[in-house]
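# Structural description and commentary
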Protein chains: 2
Amino acid sequence: MPKQAVKKMPCCDDTSPCSLPTDQSAEQIAALAWAIAHPARVRIVRLLISRNTCVCGEIVDEMPLAQSTVSQHLKILKESGLVQGEVDGPKVCYCINSEKLAALKSLVASL
Amino acid sequence: MPKQAVKKMPCCDDTSPCSLPTDQSAEQIAALAWAIAHPARVRIVRLLISRNTCVCGEIVDEMPLAQSTVSQHLKILKESGLVQGEVDGPKVCYCINSEKLAALKSLVASL
DNA sequence: CCAGACTATCGCATATCGACGATAATCAAT
DNA sequence: ATTGATTATCGTCGATATGCGATAGTCTGG
């Protein structure tokens, strides 16, 4: 995960001819891209998109991964904000955070 | 890098109600997303986009990273196909592969 | 309250990332 | 050929990702 302490980001200073977006933007893109930088997470995201209704552990059934592993990926997706989890009784329903997804699309499109 | 051997991807089989794109597509997205899943690489990509002219080791000057580290990131970007390197004398000019970039945008947009 | 189902978390192992310095490799020019 | 500049690669280190089984936590229903 790109969480290394970036020493300094001397971009967009006087010596640099770039009018690039802020570094914060770079980290935003990196963080969101990171969330979908694994096939399993792409599949999960697509699964959640395809089912307008939030799904829960059914995700596990769709994936060739152990439940704990899927849960781990869901955690990563939740941390990225792309996915939201909502407790529904003993189950947990996950759904796409459309705003975050739109933000990801927008950020990538504006590259 | 998500290069782990995926055991099997029983998606889109008879038991699954998904008409999702192929898993290959998931790996494509994951691979491209991975390339920009690091702030430094996002910055490099933007730098290459902003300068229509290909840049070379000037990238190093723009980044708070060691030359070897930048070279490593460039290698990753090259492997993803997002960036192309062209030897120009003792220097190496890098430039964006517009097609790959477009593919990335398209893939993300079609999520 | 207890049993059952569902999910999250904990360890653990392995593999890779990300960073760096040091070193090799490459090319132009002298 | 040698030098100088530029870039790639190597080796190392710490941190993290990824996978799993096992376990703990949580909630519902009887």
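Conventions used here
Residues numbered from 1 in each chain as written. Chains lettered and ligands numbered in written order. Predicted model: local features only at pLDDT ≥ 70, side-chain atom pairs only at ≥ 80, totals over all residues. Heavy atoms only, no water. Helix = DSSP H or I, 4+ residues; strand = E, 2+ residues; numbered from the N terminus. Buried < 20%, exposed > 50% of the residue type's maximum accessible area, 1.4 Å probe, protein only. Contact = heavy atoms within 4.5 Å. Areas by Shrake-Rupley, 256 points an atom, 1.4 Å probe, with all protein chains shown as cover. Axes fitted to C-alpha atoms, helices over the stretch in contact; angles between N-to-C directions. Parallel < 35°, antiparallel > 145°, perpendicular 65-115°, else oblique. Nonpolar A, V, L, I, M, F, W, Y, C, P; charged D, E, K, R; others polar. Phe/Tyr/Trp six-rings, centres within 6.5 Å; stacked < 30°, edge-to-face > 60°. Lys NZ or Arg CZ within 6 Å of the ring centre and 35° of its normal. Salt bridge = Lys/Arg side-chain N within 4 Å of Asp/Glu carboxyl O. Left-handed = near helix turned anticlockwise from the far one by under 90°. Pairing = 2+ DSSP bridges.

Counting its regular elements, chain A contains five helices and two strands. For chain A, the succession of helices and strands along the chain, N to C, is α-α-α-α-β-β-α. The burial tally for chain A puts 47% of its 111 residues in the buried class. The contacts of chain A with a sequence gap of at least 6 include a subset with a gap of at least 24, amounting to 47%. Accessible surface for chain A amounts to roughly 5,800 Å². Of this, 51% is attributable to carbon and sulfur atoms.

This next bit is on the packing of helix α2 (residues 39-50) of chain A against helix α4 (residues 67-80) of chain A. Residue and element names in this part refer to chain A. Where α2 contacts α4, the two axes come as close as 10 Å, and the packing angle between them is 75°. Of the possible angle classes, the one that applies to α2 and α4 is roughly perpendicular. Residues Ala40, Arg41, Ile44 and Val45 of α2 form the contact with α4, whose participating residues are Val70, His73, Leu74, Ile76 and Leu77. Split by residue class, the contact of α2 with α4 holds seven nonpolar, one polar and one charged.

Before going further, it helps to spend a moment on helix α1 (residues 23-35) of chain B. Taken together, the buried positions of α1(B) are occupied by B:Asp23, B:Ser25, B:Ala26, B:Ile29, B:Ala30, B:Leu32, B:Ala33, B:Trp34 and B:Ala35. Of the surrounding elements, those touching the buried residues of α1(B) are α1 (23-35) and α2 of chain A together with α2 (39-50), α4 (67-80) and α5 (98-109) of chain B.

Next up on the list: the packing of aromatic side chains. By the definition in use, this model includes one aromatic pair over all chains. When the ring of A:Trp34 is compared with that of B:Trp34, the centres are 5.4 Å apart and the planes differ by 50°; the resulting orientation is tilted. Note that A:Trp34 is positioned in helix α1 and B:Trp34 in helix α1, a pairing that runs across two chains. Taking the ring centre of A:Trp34 as reference, the NZ or CZ of A:Arg41 above it sits at 5.4 Å.

In this fold, B:Thr69 is placed in helix α4. In this structure, the C-alpha to C-alpha distance between B:Thr69 and B:Ala40, residues 29 residues apart in sequence, is 9.8 Å.

A word on the pattern of salt bridges. Residues and elements named next belong to chain A. Here the structure, examined in full by the defined rule, presents four salt bridges over all chains. Notably, a salt bridge pairs arginine 51 with glutamate 58, separated by 3.2 Å at the nearest N-O pair. Given the relative accessible area of 17%, arginine 51 is considered buried. On the accessibility criterion, glutamate 58 (36% relative accessible area) is partly exposed. Three or more residues joined by partner-sharing salt bridges are found here, namely Arg51, Glu58 and Glu62.

All right, on to the packing of α1(A) against helix α5 (residues 98-109) of chain A then. Residues and elements named next belong to chain A. Axis separation between α1 and α5 bottoms out at 10 Å; the angle between their running directions is 120°. Seen along the crossing, α1 lies across α5 with a hand that is left-handed. Along the contact surface, α1 presents Ser25, Gln28, Ile29, Leu32 and Ala33, while α5 presents Lys100, Ala103, Leu104 and Leu107. Looking at side-chain class alone, the contact of α1 with α5 contains six nonpolar, two polar and one charged residues.

Attention shifts here to the pairing of strand β2 (residues 91-96) of chain A. In this structure, strand β1 (residues 83-88) of chain A lies alongside β2(A), joined through six bridges in antiparallel fashion. Its bridge partner being in β2(A), A:Val83 is matched across the sheet by A:Ile96.

All names here are of chain A. The residue isoleucine 76 is located in helix α4 in this model. We classify isoleucine 76 as buried; its relative accessible area is 18%. Remark: the alpha-carbon pair of isoleucine 76 and alanine 35, spanning 41 residues in sequence, is separated by 6.6 Å. Beyond its immediate chain neighbours, meaning those up to four positions away, isoleucine 76 contacts Trp34 and Arg41.

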